[in-house]
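An overview of the molecular structure
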Amino acid sequence: MPATTSREIIPASRLDNVRYAIRDLACIADEVAKKGHKILPLNIGDPLNFDFATPPHLIEAVYQAMKDGKNGYAPSPGIKPALDAIRAEAARKGITTVQDAFITSGVSETVDICLTALLNPGDNLLTPSPDYPLYSAVLAKLGIELNTYTLNEDDGWQPDLIDVHKKITPRTRGIVLINPNNPTGAVCSRRMLEAIAELARRNNLVIFADEIYDKLILDDDKCLSLAALAPDVPVITFGGLSKNYLAPGWRIGWGIVSGEAAALKPYIEGIHRLLRSRLCANHPEQYAIPAALEGPQDHLVEVNAKLRARCDLTVKWCNSTPRVSCVAPRGAFYAYPRLDIPEGDDVFVKELLVKKHVLVVHGSGFGQKPGTHHFRIVFLPDEQTLTTAYANIADFIKTRYK
Ligand code: PLP
């Protein structure tokens, strides 16, 4: 027997590449907060941390469901009234070839299930860089190597089609398109969506259209649904209550599968096997789906007005601050400014937190072109909080990089 017997329980090595920079920083923030400092949190995309509230008619619907005894397990794909409402929403989005819809514990679970049901060892999936880190975390868990395509900052963070084309291999099974985008706030044009659909069509790819922010639009344009423009292409469109309907804690998301029925049949069966194996999504909260999709949408007017003002303030600050520049976001509530600094953005973000108590997320947590540095801002806080945070960041930059 060895002199010292380690009793440490070592986690599986498949976790080595599972990272989630947005929450990983929370530990350092806790240390700073323990010292009595108030943190200005520009890091987590949770509107409920700020002056946004879940619409009351959604809360009523869940409360009523609980009172009506809807507290047991739900059917694995979801309850019928909610699935009907999701299909009607798909029709409003212009998706005409819906083959299936299912409800999950947030879009996070939709992603996990859809990728797990599709990918074999050796397959790959095209994901954007920068990326919302959920995708790379799920792929790491599945032991699938990353195959990223570039979002081009010089082109308003639109997908670089030449790069997408270059990265397709015989084992590429699909492509993820986040639109409106986290972390850049970019929204894709019709031409871009059609071009992505054409690449998928020619190369037999499934498109994962993450449209969780599709009602949070900062200019006059609408967010077009990729599946609506490509009825023949296999697309899973992701949506949920976390962002558009201000209820992230309820963990309600969904997938809408569209395309040709015969081609999709085996994949849909695979997805349903996984849906059954995890029993069901949160039950009473599913009753908020018809209320959300078919009830009053008034909250969106107020939310988008607040977001527009906060976005303008953010862009103005970025573009008037030395060493910072930013492509103006057009959707969601994120900005992804570029930093001209002589050190890593991870160091920048940690030092900013320790010295100025402002919490943002480093660009290396999302991915960026080698040699460039960025950080992600969540511009959900009110103008006064943002103004204070931006003054602190500007001051930090001025002192650190004289
Ligand atoms: N997809 C994107 C692009 C996101 O930004 C998020 C959350 O921030 C999710 C999915 C996860 O959403 P949910 O809360 O529904 O799991």
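Okay, so let's go over this structure. (Residues numbered from 1 in each chain as written. Predicted model: local features only at pLDDT ≥ 70, side-chain atom pairs only at ≥ 80, totals over all residues. Heavy atoms only, no water.)

To continue, consider the packing of helix α13 (residues 345-356) against helix α14 (residues 383-400). Taken N-terminus to C-terminus, the directions of α13 and α14 make an angle of 110 degrees; their axes are 11 Å apart at the nearest point. Considering their axes alone, α13 and α14 lie roughly perpendicular with respect to each other. Of the two elements, α13 crosses α14, and the hand of that crossing is right-handed. Every residue of α14 that contacts α13 at Val-347, Phe-348, Glu-351, Leu-352, Lys-355 and Lys-356 is listed here: Asn-392, Ile-393, Asp-395, Phe-396, Ile-397 and Arg-400. (Axes fitted to C-alpha atoms, helices over the stretch in contact; angles between N-to-C directions. Helix = DSSP H or I, 4+ residues; strand = E, 2+ residues; numbered from the N terminus. Parallel < 35°, antiparallel > 145°, perpendicular 65-115°, else oblique. Left-handed = near helix turned anticlockwise from the far one by under 90°. Contact = heavy atoms within 4.5 Å.)

With respect to spatial proximity, 13 residues lie near the ligand, and among them Val-107, Ser-108, Asp-210, Tyr-213 and Arg-251 are the closest. Here a nitrogen atom of the ligand and a side-chain polar atom of Asp-210 are 2.7 Å apart. Contact between the ligand and Lys-243: an oxygen atom at 2.9 Å from a side-chain N or O atom of the residue. Protein contacts shield 94% of the accessible area of the ligand, which totals 400 Å² for the unbound molecule. A per-element tally of the shell around the ligand places helix α5 (residues 106-118) first, with 3 residues. Of the residues in the shell around the ligand, the class split is 6 nonpolar, 4 polar and 3 charged. (Near = heavy atom within 4 Å. Polar contact = N/O pair within 3.5 Å; in protein donor to acceptor, adjacent residues only side chain to side chain. Areas by Shrake-Rupley, 256 points an atom, 1.4 Å probe, with all protein chains shown as cover. Nonpolar A, V, L, I, M, F, W, Y, C, P; charged D, E, K, R; others polar.)

Before going further, it helps to spend a moment on the packing of α5 against helix α10 (residues 261-277). The N-to-C vectors of α5 and α10 enclose an angle of 125 degrees; their axes lie 9 Å apart at closest approach. The angle between the axes of α5 and α10 places the two elements in the oblique class. Here α5 and α10 pass one another in a crossing that is right-handed. Residues Ile-113, Cys-114, Thr-116, Ala-117 and Leu-118 of α5 pack against Tyr-267, Gly-270, Ile-271, Leu-274 and Leu-275 of α10.

A separate point is empty space enclosed by the protein. Going through the model one piece at a time under the given rule, you end up with 2 cavities of 30 Å³ or more. Within this model, the largest cavity holds a volume of roughly 100 Å³. Forming the walls of the largest cavity are 15 residues, and the residues nearest its centre are Glu-89, Asp-214, Gly-239, Asn-244 and Trp-254. Broken down by secondary-structure element, the contributors of at least two residues to the lining of the largest cavity are β8 (235-240) and β9 (253-258). The volume enclosed by the second largest cavity comes to roughly 70 Å³. As for the second largest cavity, its lining consists of Pro-128, Tyr-149, Leu-151, Trp-157, Gln-158, Pro-159, Leu-177, Ile-178, Asn-179, Asn-181, Ala-186 and Cys-188. Elements that contribute at least two residues to the lining of the second largest cavity include exactly β4 (147-152), β5 (158-159) and β6 (172-178). Here the residues of the lining of the second largest cavity sort into 9 nonpolar, 3 polar and no charged. (1 Å grid on protein atoms, 1.4 Å probe; cavity = no way out; pocket = protein on both sides within 12 Å on 5 of 7 lines; lining within 4 Å. Points joined across faces, edges and corners; volume = space filled by probe spheres on them.)

Turning our eyes to something else, we now look at the packing of aromatic side chains. Aromatic ring pairs are reported here in terms of the distance separating the ring centres and the angle at which the planes meet. Counted under the stated rule, the structure contains 9 aromatic pairs. Note on Phe-208 and Phe-238: the rings are 6.1 Å apart at their centroids and 25 degrees apart in plane angle, and the pair reads as stacked. Placement of the pair is Phe-208 in strand β7 (residues 206-210) and Phe-238 in strand β8, with a sequence separation of 30 residues. Residue classification places Phe-208 among the buried positions, given a relative accessible area of 0%. Judged by centre distance (5.4 Å) and plane angle (90 degrees), the rings of Tyr-213 and Phe-333 are edge-to-face. Remark: Phe-333 occurs in the loop between β10 (324-325) and β11 (334-335) and Tyr-213 occurs in the loop between β7 and α9 (226-229); sequence separation between them is 120 residues. Judged by its relative accessible area of 1%, Phe-333 is buried. Through pairs of rings, three or more aromatic residues link up here, namely Trp-157, Tyr-336 and Phe-366. Above the plane of the ring of Phe-52 lies Lys-306, whose end atom (NZ or CZ) is 5.0 Å from the centre. (Phe/Tyr/Trp six-rings, centres within 6.5 Å; stacked < 30°, edge-to-face > 60°. Buried < 20%, exposed > 50% of the residue type's maximum accessible area, 1.4 Å probe, protein only. Lys NZ or Arg CZ within 6 Å of the ring centre and 35° of its normal.)

This paragraph deals with α13. Side chains that are three or four residues apart share a direction in an α-helix, a result of its 3.6 residues per turn. End to end, α13 covers 15 Å across 12 residues, agreeing with the expected 16 Å (1.5 Å per residue, within 8%). All of the buried residues in α13 are Asp-345, Phe-348, Val-349, Leu-352 and Leu-353. Considered in projection along α13, the buried side chains sweep an arc of 125 degrees and stay on one side of the axis. Looking at the buried positions of α13, the neighbouring elements they touch are α2 (26-34), β12 (338-339), β13 (358-359), β14 (361-362), β15 (373-378) and α14. Once α13 finishes, His-357 follows within two positions and takes phi at roughly 65 degrees, a positive value. (Expected span 1.5 Å × (residues − 1). Arc of directions from axis to C-beta.)

In a disulfide, the sulfur atoms of two cysteines are covalently bonded to one another. A complete count under the given rule lists 0 disulfides for this structure. Left unpaired, Cys-223 is separated from the closest cysteine sulfur, that of Cys-188, by 8.1 Å. Classification of Cys-223 by relative accessible area gives buried; the value is 11%. The thiol sulfur of Cys-311 is not disulfide-bonded, and the nearest other cysteine sulfur, from Cys-326, lies at 7.8 Å. (Disulfide = S-S within 2.5 Å.)

Phe-208, Leu-241, Ile-289, Phe-348 and Phe-379 are the most contacted members of the largest nonpolar core, which totals 126 residues. Top contributing element to this core by residue count: helix α12 (residues 298-320), with 7 residues. Excluding its chain neighbours within four sequence positions, the residues that come into contact with Phe-208 are Cys-114, Leu-115, Leu-118, Leu-125, Ile-175, Val-176, Leu-177, Ile-236, Phe-238 and Tyr-267. (Core = buried A, V, L, I, M, F, W, Y, C linked by side-chain atoms within 4.5 Å.)

Attention now moves to the pairing of β7. Of all 5 residues in β7, 5 are buried; the element is thus mostly enclosed. On β7, burial covers both faces: Val-206, Phe-208 and Asp-210 on one face and Ile-207 and Ala-209 on the other are all buried. Alignment of β6 against β7, held across 5 bridges, turns out to be parallel. Across the sheet, Gly-174 pairs through a bridge with Val-206, a residue of β7. Where the polypeptide runs from β6 across helix α8 (residues 190-203) and back to β7, its parallel neighbour, the crossover connection is right-handed. (Pairing = 2+ DSSP bridges. Right-handed = clockwise from strand over helix to strand, strands pointing away.)

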